[in-house]
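Overview (structure and organization)
As a plain string of letters, each chain reads:
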Amino acid sequence: GAAGGARVGYIALLPYGSSEPSLQFPTAVAWRTLHAAQVERLVVLPSCRGRGVMRALLSACDAFHSLGLPVRVKTGRQAVHDTFLASSALAYEGHREAAVCGVRRPLKRYARVLPPEAALPSPSPPPPSPPSPS
């Protein structure tokens, strides 16, 4: 994203495949197929948060959506997950428990990036309060 030409954030996406034929999408490489993409990194400078930069960066996911591929975001931090869920461009998908088969792993939370037609409009700010009588 940019504000007056300045770099204020970045996004990194990773498409991945499946051996399940019903979930595969062809690529330019004949033997490689995809079934989804994941946002691996989404970073916005603290001074630019709350200004629509995250939503603008998530628009990079539209290319995957246009191919019918779902896109998700994974995080282990509750505060980041809460920020994601406050966005109308993301929806809760699920989580993976902290311990799997006796191996200690941090809890992971997933949110699905909604395609533009499914995203809800951003909430409107509340109307200004009427002046108090004096």
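Residues numbered from 1 in each chain as written. Predicted model: local features only at pLDDT ≥ 70, side-chain atom pairs only at ≥ 80, totals over all residues. Heavy atoms only, no water.

As for the overall build of the protein chain
- The helix and strand tally for the protein chain stands at three helices and 11 strands.
- Listed N to C, the secondary structure of the protein chain is β-β-β-β-β-β-α-α-β-α-β-β-β-β in terms of helices and strands.
- The buried share of the protein chain, taken over its 134 residues, is 26%.
- Expressed as a percentage of contacts within the protein chain between residues at least 6 apart in sequence, the contacts between residues at least 24 apart total 56%.
- Taken as a whole, the protein chain presents about 9100 Å² of accessible surface, with 59% of it coming from carbon and sulfur. (Helix = DSSP H or I, 4+ residues; strand = E, 2+ residues; numbered from the N terminus. Buried < 20%, exposed > 50% of the residue type's maximum accessible area, 1.4 Å probe, protein only. Contact = heavy atoms within 4.5 Å. Areas by Shrake-Rupley, 256 points an atom, 1.4 Å probe, with all protein chains shown as cover.)

Focus: the sheet that holds strand β11 (residues 108-113)
- In spatial order, the strands read β3-β6-β7-β11-β8; together these five strands make up an open sheet with mixed pairing. With partners counted over all chains shown, the strands left at the sheet margins are β3 (9-16) and β8 (90-96), one partner each. Here the strands of the sheet are splayed against their neighbours by 30 degrees on average, with no regard to which way each runs.
- Pairing between strand β6 (residues 36-44) and strand β7 (residues 71-75): three bridges, direction parallel. What sits directly across from V39, in β7, is V73. (Pairing = 2+ DSSP bridges. Axes fitted to C-alpha atoms, helices over the stretch in contact; angles between N-to-C directions.)

Concerning the side chain of Q38
- Relative to the helices and strands, Q38 is located in strand β6.
- A distance of 2.9 Å separates polar atoms of two side chains, one belonging to Q38 and the other to E40.
- In terms of polar contacts, Q38 uses its side chain to reach the side chain of R72, at 2.9 Å.
- The residues touching Q38, leaving out its near neighbours within four places in the chain, are A12, L13, L14, Y16, R72, K74 and Y110. (Polar contact = N/O pair within 3.5 Å; in protein donor to acceptor, adjacent residues only side chain to side chain.)

A short note on the confidence of the model for the protein chain
- Averaged over all residues, the pLDDT of the protein chain is 76; the fraction at 70 or higher stands at 66%.
- Element-level pLDDT for the protein chain is lowest in strand β1 (residues 2-3), with a mean of 50, against a maximum mean of 93 in helix α1 (residues 53-58).
- Segment residues 123-130 is flagged for pLDDT under 50; beyond a separation of four residues in sequence, or across chains, it makes zero contacts in the model. (pLDDT = per-residue confidence, 0-100.)

Concerning the pattern of salt bridges
- Enumeration according to the criterion identifies one salt bridge in this entry.
- Measuring nitrogen to oxygen at the nearest pair gives 3.5 Å for the salt bridge that ties E93 to R72. Separated by 21 residues along the polypeptide, E93 in strand β8 and R72 in strand β7 bring together distant segments of the chain.
- Since its relative accessible area comes to 23%, R72 is described here as partly exposed. (Salt bridge = Lys/Arg side-chain N within 4 Å of Asp/Glu carboxyl O.)

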